[in-house]
Number of protein chains: 4
Amino acid sequence: MGYSHMDSIISGRKPQTTPRKIASQARARATVDALVEATARILVRDGFDRASTNRIAEAAGVSIGSLYQYFPSKEALVVAVIERHNHDLMTIVTAAFAKANGKPLAAAIRLLVVAAIDAHRVDPELHRVLAEQTPRSGALANIELFQRDAHSIFRSYLEENRSGIRVRDLDLAAFICVTSIEALTHTAVIHRPDILVDERVEQLVEETSGLIAGYLGGADRGPSMTV
Amino acid sequence: MGYSHMDSIISGRKPQTTPRKIASQARARATVDALVEATARILVRDGFDRASTNRIAEAAGVSIGSLYQYFPSKEALVVAVIERHNHDLMTIVTAAFAKANGKPLAAAIRLLVVAAIDAHRVDPELHRVLAEQTPRSGALANIELFQRDAHSIFRSYLEENRSGIRVRDLDLAAFICVTSIEALTHTAVIHRPDILVDERVEQLVEETSGLIAGYLGGADRGPSMTV
Amino acid sequence: MGYSHMDSIISGRKPQTTPRKIASQARARATVDALVEATARILVRDGFDRASTNRIAEAAGVSIGSLYQYFPSKEALVVAVIERHNHDLMTIVTAAFAKANGKPLAAAIRLLVVAAIDAHRVDPELHRVLAEQTPRSGALANIELFQRDAHSIFRSYLEENRSGIRVRDLDLAAFICVTSIEALTHTAVIHRPDILVDERVEQLVEETSGLIAGYLGGADRGPSMTV
Amino acid sequence: MGYSHMDSIISGRKPQTTPRKIASQARARATVDALVEATARILVRDGFDRASTNRIAEAAGVSIGSLYQYFPSKEALVVAVIERHNHDLMTIVTAAFAKANGKPLAAAIRLLVVAAIDAHRVDPELHRVLAEQTPRSGALANIELFQRDAHSIFRSYLEENRSGIRVRDLDLAAFICVTSIEALTHTAVIHRPDILVDERVEQLVEETSGLIAGYLGGADRGPSMTV
DNA sequence: CATGAATGAGTATTCATTCAT
DNA sequence: GATGAATGAATACTCATTCAT
């Protein structure tokens, strides 16, 4: 845990116990952290296109040579940022699921919606850049990884709470719910700051929760989709 | 008609993305069309980052000089593609709204959801590139314009059909509906081709329509969001 | 006279007397004038580097094709501007020489110095661009032509007024006088606007005239300077 | 000494013409020197307009990337050449002033005139390109800096030798003298090679010195400019 | 291990000039 | 003659990446 997403990056180094190695490991980790942090900061400040590796190295107080010692490419740097950001989001979301478990459907959904909004508020500027300016291809598709993770967690939740749920195709249901919640909270945070003003946030939460809860447990939508 | 998407191009709106010359002669108009089409093709084939103006000119069978005779920047070219694409989508969506008018809520929603899927299927590869790889900033933010347009049309629809609708804040309702429908159809088309296989498409339409119809006209969600 | 420098440009057309030809000749002349004037204007407004032939044609209200009908190259346009400007300067300078003839040396010199300042004030912005931004090479060296012309006129003057003059090598003397007067008035107009304020102009004229008159007719420059 | 002309380069003075990096390592310094030297050489060989950054880099035996590592623009390169050239000229001129101090006026002036000619002969081809082909604007105006420097040094000289001088307005006098000497030597070197042939050089020195000495100390030009 | 000097393919864009209509 | 669409060589400049020290 902690920086588990980093393991794969520094991988190649075998765990040694000699003090000196530990010391240098700590130093390496600090360098890596500084680079990831600098990348995030530059990404927000300058945008993806103007975020050059040289600029990132400079902002991290590290030489360009060292940057390439730890990250094989610019893409790897951005992937690390994405992974860290996803990790942060997942922390919030999984906590919400834990808290939701056992609660009645409506209350549970509500918790998840609030968590979704909270998650999007963690570092909205970074989130926006990652979502809007970072070309998604190859390894960079990872932003979608969050969605996949969220999807499978949500599906598990549905399975465990099958009783209160009317929908049969749990996979499709998870898709519908996760996609909607994500889109609504994302769009609100990124494009509709007016909706997030104190009083209105509550309204957004109510409506979104209503949308999902109505869909999942909708009292009388009849046998099969009697819309 | 015909090149009506060009209207917005010809009308001088934004400083750096406004075409330089109005293509009055037939030859010039052909050149402009070839450039926009080539841009779309290259965007799909090579991705946004590798779509250089030289490559686009070459693909259009036009000299780089001619490209800059009509488009002051690479961005202007992409804006033209976006506008053309948005125009194509809006054609489908507005037609659906026209057809939906007067119909009962459930049927109307269904029409709109089907239209949303159809719209996303117009040129999915281009849509994906525009959505995922094209940095949204400055004039390029126009991709969101489609959402705004869709939002206001939907809001009008809600006003005219207030009777069957339970929700009070029409603006928020429009936001919820448009955002959800867009996200669900978009994500399905872009990331879940498995969902779009013949039999399952029908299911997606049902579920999505149910989500929205349940939200808007939901029989008994109680006085105020008694979820 | 008038636009005699233009003859060489329109050359190739034989003088015809048929009204229609006269009419079209007049039109051609108007076009040529418009182009030369537009070039001067653009040169001042945008500087030499940003003065493109297309911009010049546009400013002249003439198509780029027509521009090349009358001027074989961008350089030819600038040469025409230089020639016109030189012509304007020479008009002032020759008038001054005419007026100076017969006057005593001191008074004559004074007239010439005043004329030099007046000449530099004809179109100082254009003069500056021509002097500072226009690369002098090939046909563009013509700016120096003015100096040559001035030199030979001045030499003639010295010959006709040999009596009051102490200097023997008239050629060298002409060089010294013309170069000094030109440099002093030019530099003052271009770089020292503070010197040209009303009261100080008079002082500049006095000092410059004194410099030249002292040199040419200097009573007793003593042994060491006895050239 | 050695690279003292670099001082002004290293000190960050103007926004766009200031070098990017301080060349600390020996290799880097060699690169910077090679670039400045190559720029001068290319300027002379090809002229300002045809001196492209790629050509300069090639001539310096350095990659275009390295060029931009040290100089943020083509202009910066030319500014460096100008500064180096000015430095070279000032070395000669200040030495002459040092030698002139204490000497009687006529002899002192003579030394300065000779120094002016020498200075113009340092690298006449470069001097010509800098003076004639290099557009003077923005940071490139620095060529005039030399004149300013020369002006203030000369003014100081006049102050210290007030006794032998008839002129009252020292500022104006310095302007007259510096401008004349500069113009005469410059024009002779650049446009009148015939004047600089052995025997005639002496004559040019005499006449120029006479012009200036007569002006400054002219025996009897009466109380105030009785010309 | 760290440094930072060096690289060079690649990019967007301009502009003098030509020539079919 | 006039037009203006088309050309394409040329330019300044960036940036991910390598490698000698």
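All values reported here derive from a predicted model rather than from experimental measurement. (Residues numbered from 1 in each chain as written. Chains lettered and ligands numbered in written order. Predicted model: local features only at pLDDT ≥ 70, side-chain atom pairs only at ≥ 80, totals over all residues. Heavy atoms only, no water.)

## With respect to the overall build of chain A
The line we're drawing: Secondary structure elements follow DSSP: runs of H or I no shorter than four residues count as helices, runs of E no shorter than two count as strands, and numbering proceeds from the N terminus. When a residue's accessible area, from a 1.4 Å probe over protein chains only, is under 20% of the maximum for its type it is buried; when over 50% it is exposed; and in between it is partly exposed. We call two residues contacting when some pair of their heavy atoms lies within 4.5 Å. Surface accessibility in these figures is a Shrake-Rupley result with a 1.4 Å probe; residues are shielded only by whichever protein chains are displayed.
Per the secondary structure count, chain A includes 10 helices and 0 strands. Traced from its N-terminal end to its C-terminal end, chain A shows the element sequence α-α-α-α-α-α-α-α-α-α. Buried positions account for 49% of the 227 residues belonging to chain A. In chain A, once contacts between residues fewer than 6 apart in sequence are set aside, the share between residues at least 24 apart is 69%. Of the roughly 10600 Å² of accessible surface on chain A, 53% is carried by carbon and sulfur atoms.

## A closer look at the interface of chain D and chain C
Accessible area lost upon the coming together of the parts serves often as the stated size of an interface. Threshold: When two parts are brought into contact, each loses some accessible area as probed by a 1.4 Å sphere; the total of that loss over both is the buried area. Note on definitions: salt bridges are taken to be side-chain nitrogens of Lys or Arg within 4 Å of carboxyl oxygens of Asp or Glu. By the criterion applied in these results, polar contacts are pairs of N or O atoms within 3.5 Å in which, for protein atoms, one can donate a hydrogen and the other can accept it, and in which residues neighboring in sequence qualify only through two side-chain atoms.
Contact with chain D, which involves 40 residues of that partner, is made by 41 residues of chain C. Taking both sides of the interface into account, the surface hidden between chain D and chain C amounts to around 3700 Å²; carbon and sulfur atoms contribute 62%. For the pair chain D and chain C, the number of links is 4 salt bridges. In this structure, the salt-bridge partner of Arg-200 of chain D is Asp-169 of chain C, at a minimum N-O distance of 3.3 Å. Summed over the shared surface of chain D and chain C, the number is 11 residue pairs in polar contact (both at pLDDT 80 or more). Those elements that place two or more of their residues in the side of chain D that touches chain C are α7 (124–133), α8 (143–160), α9 (170–191) and α10 (198–217) of chain D.

## A closer look at the protein's contact with DNA strand F
Heads up, the condition is: Proximity criterion: a residue is near a molecule or strand once any of its heavy atoms comes within 4 Å of it. Residues are sorted three ways: Asp, Glu, Lys and Arg are charged, Ala, Val, Leu, Ile, Met, Phe, Trp, Tyr, Cys and Pro are nonpolar, and all the rest, Gly among them, are polar.
Of all residues adjacent to DNA strand F, which total 41 residues, the nearest are Thr-53 of chain A, Thr-31, Gly-65 and Gln-69 of chain B together with Tyr-68 of chain D. Taken together, the sugar and phosphate atoms account for 61% of what DNA strand F places within 4 Å of the protein. At 3.0 Å, a side-chain N or O of Tyr-68 of chain A approaches a phosphate oxygen of DNA strand F. Within the backbone of Lys-74 of chain D, an N or O atom sits 3.0 Å from a phosphate oxygen of DNA strand F. For the surface near DNA strand F, the secondary-structure elements that each account for two or more residues are α3 (53–59) and α4 (64–70) of chain A, α2 (26–46) and α4 (64–70) of chain B, α4 (64–70) of chain C together with α3 (53–59) and α4 (64–70) of chain D. When the residues that make up the surface near DNA strand F are grouped by side-chain class, the tally is 12 nonpolar, 20 polar and 9 charged.

## As for the pattern of salt bridges
Side-chain pairing between opposite charges can occur once the charged atoms of the two side chains come close. Residue and element names in this part refer to chain B. Applying the stated rule across the entire model yields 48 salt bridges over all chains. With a closest N to O distance of 2.7 Å, Glu-37 and Arg-84 form a salt bridge. One end of the pair, Glu-37, is in helix α2; the other, Arg-84, is in helix α5 (residues 74–100), with 47 residues separating them in the sequence. For Glu-37, a relative accessible area of 32% puts it in the partly exposed group. Among the ionic pairs, Glu-132 bridges to Arg-128, the shortest N-O distance being 3.5 Å. Within this pair, Glu-132 and its partner Arg-128 are both found in helix α7 (residues 124–133), separated by 4 residues, close to a single helical turn.

## Some details on the environment of Thr-39 of chain B
All names here are of chain B. On the secondary structure map, Thr-39 appears in helix α2. The spatial distance from the C-alpha of Thr-39 to the C-alpha of Ala-57 is 8.4 Å, given a sequence separation of 18 residues. Not counting residues within four places of it along the chain, the set of residues in contact with Thr-39 comprises Ile-56, Leu-77 and Val-81.

## A closer look at the domain arrangement of chain A
All names here are of chain A. Selection rule: Where a domain begins and ends is set by an automatic assignment or by a domain database.
The domain boundaries assigned to chain A delineate domain 1 (4–72) and domain 2 (75–217). Contact residues are listed per partner, giving 15 residues for domain 1 and 14 residues for domain 2. Summed over both partners, the interface of domain 1 with domain 2 comes to about 1400 Å²; 78% of that surface belongs to carbon and sulfur atoms. At the surface where domain 1 touches domain 2, the tally comes to 1 salt bridge. Viewed at the interface, domain 2 and domain 1 are joined by 2 residue pairs in polar contact (both at pLDDT 80 or more). Elements that contribute at least two residues to the side of domain 1 that touches domain 2 include exactly α1 (4–10) and α2 (19–46). Of all the elements, α2 adds the most residues to the side of domain 1 that touches domain 2, at 7 residues.

## Let's talk about the packing of helix α5 (residues 74–100) of chain A against helix α7 (residues 124–133) of chain A
Residues and elements named next belong to chain A. Note the threshold: In this description, a line fitted to the C-alpha atoms serves as the axis of each element, helices being fitted only across the stretch in contact, and the angle between N-to-C directions of two axes falls anywhere from 0 to 180 degrees. If an angle is under 35 degrees, it is roughly parallel; if it is over 145, roughly antiparallel; if it lies from 65 to 115, roughly perpendicular; otherwise it is oblique. Definitions for this section: a left-handed crossing has its near helix turned counterclockwise from the far helix by less than a right angle. A right-handed crossing has that turn clockwise.
Where α5 meets α7, the closest approach of the two axes is 11 Å, and the angle between their N-to-C directions is 125 degrees. In this view, α5 runs oblique relative to α7, as classed from their interaxial angle. Here α5 runs over α7; the crossing is left-handed. Here α5 contributes Val-81, Ile-82, His-85 and Leu-89 to the contact with α7, which in turn contributes Leu-126, His-127 and Leu-130. For the contact of α5 with α7, the per-class residue count stands at 5 nonpolar, 2 polar and no charged.

## Points about the relation of the copies chain D and chain C
The second copy of the chain is related to the first by a rotation about an axis and a shift along the axis. Under the convention used in this document: To line up the copies, we fit them by least squares on C-alpha atoms, keeping just the residues with pLDDT of at least 70 in both.
Rotating chain D by 179 degrees about the axis while translating it 0.1 Å along that axis superimposes it on chain C, leaving an RMSD of 0.3 Å. A rotation of that kind, with that shift, is consistent with a two-fold axis. Across chain D, the rotation axis passes nearest the C-alpha of Ser-180 of chain D, at a separation of 2.5 Å. Looking at chain D, 98% of its interface residues are interface residues in chain C too, so the copies touch through the same face.

## A few points about the packing of aromatic side chains
Let me state the cut-off plainly: Within 6.5 Å between ring centres, the rings of Phe, Tyr and Trp (the latter by its six-membered ring) count as paired, and their orientation is classed by plane angle as stacked under 30 degrees, edge-to-face over 60, tilted in between.
Across all of its chains, the model carries 12 aromatic pairs over all chains by this definition. With a centroid separation of 6.0 Å and an interplanar angle of 80 degrees, the aromatic rings of Phe-97 of chain D and Phe-154 of chain D are classed as edge-to-face. With Phe-97 of chain D in helix α5 (residues 74–100) and Phe-154 of chain D in helix α8, this residue pair connects regions lying 57 residues apart in the sequence. Under the relative-accessibility criterion, Phe-97 of chain D is labelled buried at 10%. Geometrically, the ring pair formed by Phe-154 of chain D and Tyr-157 of chain D is tilted, given 6.2 Å between the ring centres and 45 degrees between the ring planes. Residue Phe-154 of chain D and its partner Tyr-157 of chain D are located together in helix α8, separated by 3 residues, close to a single helical turn. When sorted by exposure, Phe-154 of chain D lands in the same class as Tyr-157 of chain D, which is buried. Clustering of aromatic rings is evident, with ring pairs tying together Phe-97, Phe-154 and Tyr-157 of chain A.

## Focus: the relation of the copies chain B and chain A
In screw terms, the move from chain B to chain A is a rotation of 179 degrees and a rise of 0.0 Å along the axis, fitting with an RMSD of 0.4 Å. When the interface residues of chain B are mapped onto chain A, 100% of them again lie at the interface, so the same face is used by both copies.

## Considering the interface of chain B and chain A
With 41 residues of chain B in contact, the opposing surface of chain A contributes 41 residues. The contact between chain B and chain A buries some 3700 Å² in all, and 62% of this surface belongs to carbon and sulfur atoms. Inspection of the chain B/chain A interface yields 4 salt bridges. Between Asp-171 of chain A and Arg-192 of chain B there is a salt bridge whose closest N-O contact spans 3.3 Å. Seen at the junction of chain B and chain A, the total is 8 residue pairs in polar contact (both at pLDDT 80 or more). Every element with two or more residues in the side of chain B that touches chain A is listed here: α7, α8 (143–160), α9 (170–191) and α10 (198–217) of chain B. Taken together, the residues that form the side of chain B that touches chain A break down as 18 nonpolar, 11 polar and 12 charged.

## Focus: the state of the cysteines
Formally, a disulfide is one covalent bond, and it connects the sulfur atom of one cysteine to the sulfur atom of another. The condition that has to hold: Two cysteine sulfur atoms form a disulfide, by the criterion used here, when they sit within 2.5 Å.
The final tally for this structure, using the stated rule, is 0 disulfides over all chains. Looking at Cys-177 of chain B, it has no disulfide partner, and the nearest cysteine sulfur is the one in Cys-177 of chain A, 15 Å off. Since its relative accessible area comes to 0%, Cys-177 of chain B is described here as buried.

## A closer look at the nonpolar core
Soluble globular proteins: nonpolar side chains tend toward being buried together. Under the convention used in this document: As used in this record, nonpolar core signifies buried Ala, Val, Leu, Ile, Met, Phe, Trp, Tyr and Cys residues forming a set joined through side-chain atoms within 4.5 Å.
Core analysis: the biggest nonpolar cluster contains 89 residues, and Phe-154 and Leu-216 of chain A together with Phe-154 and Leu-216 of chain B have the highest contact counts within it. Ignoring anything within four residues of it in the chain, the contact list for Leu-216 of chain B reads Leu-105, Ile-109, Phe-154, Leu-158, Gly-164, Ile-165, Arg-166, Val-167, Ala-173 and Cys-177 of chain B.

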